[in-house]
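For reference, the chains in residue letters:
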Amino acid sequence: MTPRADCLHVLEVWSDFACFTRPEFAVERFSYPCPTPSAARGIFESILFKPEFCWQITQIELMSPPSYIALRRNEVKDKVSEASIKLWASGKRAVEPIWADADSTTAGTDQKGRTQRQTMALRSPRFRLHARILPRHKTVSSARYDEQFIRRASRGKCFQQPYLGFKEFVCFFRMIDDLRKEPRPCRYTQQVGLMVYDVFDLRSDNHRAHVDDWRSVKPSISLFEASIESGILKVPSMDSELV
């Protein structure tokens, strides 16, 4: 296989459940009707990632209307510190897991135990994602990376299993060669409102900063006005004034 002339890559993804949390819901999670551009970018990066380029999501298509399901999950209130993980990995300290129902009397620690959270997730979602490779530097050619992605995606290869919002919502994918042979998106229209575009500044070399000093990588939340028309969400470029 050879890259298409416009270097556009298309993936169809599906799963049993998905949740792309709207940020205006502080505690209880409520999902967008479709993936955010950052979530879609993560799926492409799970197949091929290089610090020399970034993925530009151009379009997200809904292959079926959104169907919601209410889920109640037990979640722990504590989190493990990075320093503790390093000590465990080096063998300098015994592993101390976070117990879901622990408190100071049962575990002998100050663990806060668990709490129940309500989640409005998507049931049996199926999407079609469009993206292209954007080199970070003028000296980098995207042709070689286009070939690598086509080779890996066509064989179902990924260095980590992609997921739809939550890591437990594992998703499957297939690469689409010819859109003319594929069904059209579902007839669904919604004014979504403000949607998260990404949580990092994709124009900067976040990976290189992470290698040199991970503390220099700061979140950079960006938003855009999202609108689904006939099952299609058009995603503006990261340099657009709409972001």
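This text gives an overview of the structure that appears in the document. (Residues numbered from 1 in each chain as written. Predicted model: local features only at pLDDT ≥ 70, side-chain atom pairs only at ≥ 80, totals over all residues. Heavy atoms only, no water.)

This paragraph deals with the sheet that holds strand S10 (residues 222-229). What the 7 strands build is an open sheet, ordered S8-S1-S7-S4-S11-S10-S9; its pairing is antiparallel. The open sheet has two edge strands with one neighbour each: strand S8 (172-175) and strand S9 (190-198). Looking at each pair of strands side by side, their axes are set apart by 30° on average, direction ignored. Here strand S1 (residues 8-14) runs beside strand S7 (residues 126-135); their pairing, made up of 7 bridges, is antiparallel. Bridging across to S7, Leu11 finds its partner in Leu129. The sheet contacts of helix H1 (residues 37-47) involve S1, strand S4 (53-62), S7, S8, S9 and S10, and relative to S4 the element is tilted by about 120°. Relative to S1, helix H3 (residues 143-154) is tilted by about 25°, and along the sheet it contacts S1, S4, S7 and S8. (Pairing = 2+ DSSP bridges. Helix = DSSP H or I, 4+ residues; strand = E, 2+ residues; numbered from the N terminus. Axes fitted to C-alpha atoms, helices over the stretch in contact; angles between N-to-C directions. Contact = heavy atoms within 4.5 Å.)

It is worth spelling out the nonpolar core at this point. Of all hydrophobic cores here, the largest spans 43 residues; its most connected members are Leu11, Val13, Phe127 and Leu233. Elements supplying a minimum of two residues to this core: S1, H1, S4, S7, H3, S8, S9 and S10. Take this core: its biggest share by element is 6 residues, from S4. Among all residues touching Leu233, those that are not within four sequence positions of it are Cys34, Pro35, Thr58, Gln59, Ile60, Met195, Phe224, Ala226, Ser227 and Ile228. (Core = buried A, V, L, I, M, F, W, Y, C linked by side-chain atoms within 4.5 Å. Buried < 20%, exposed > 50% of the residue type's maximum accessible area, 1.4 Å probe, protein only.)

In short, geometric facts, not functional conclusions.
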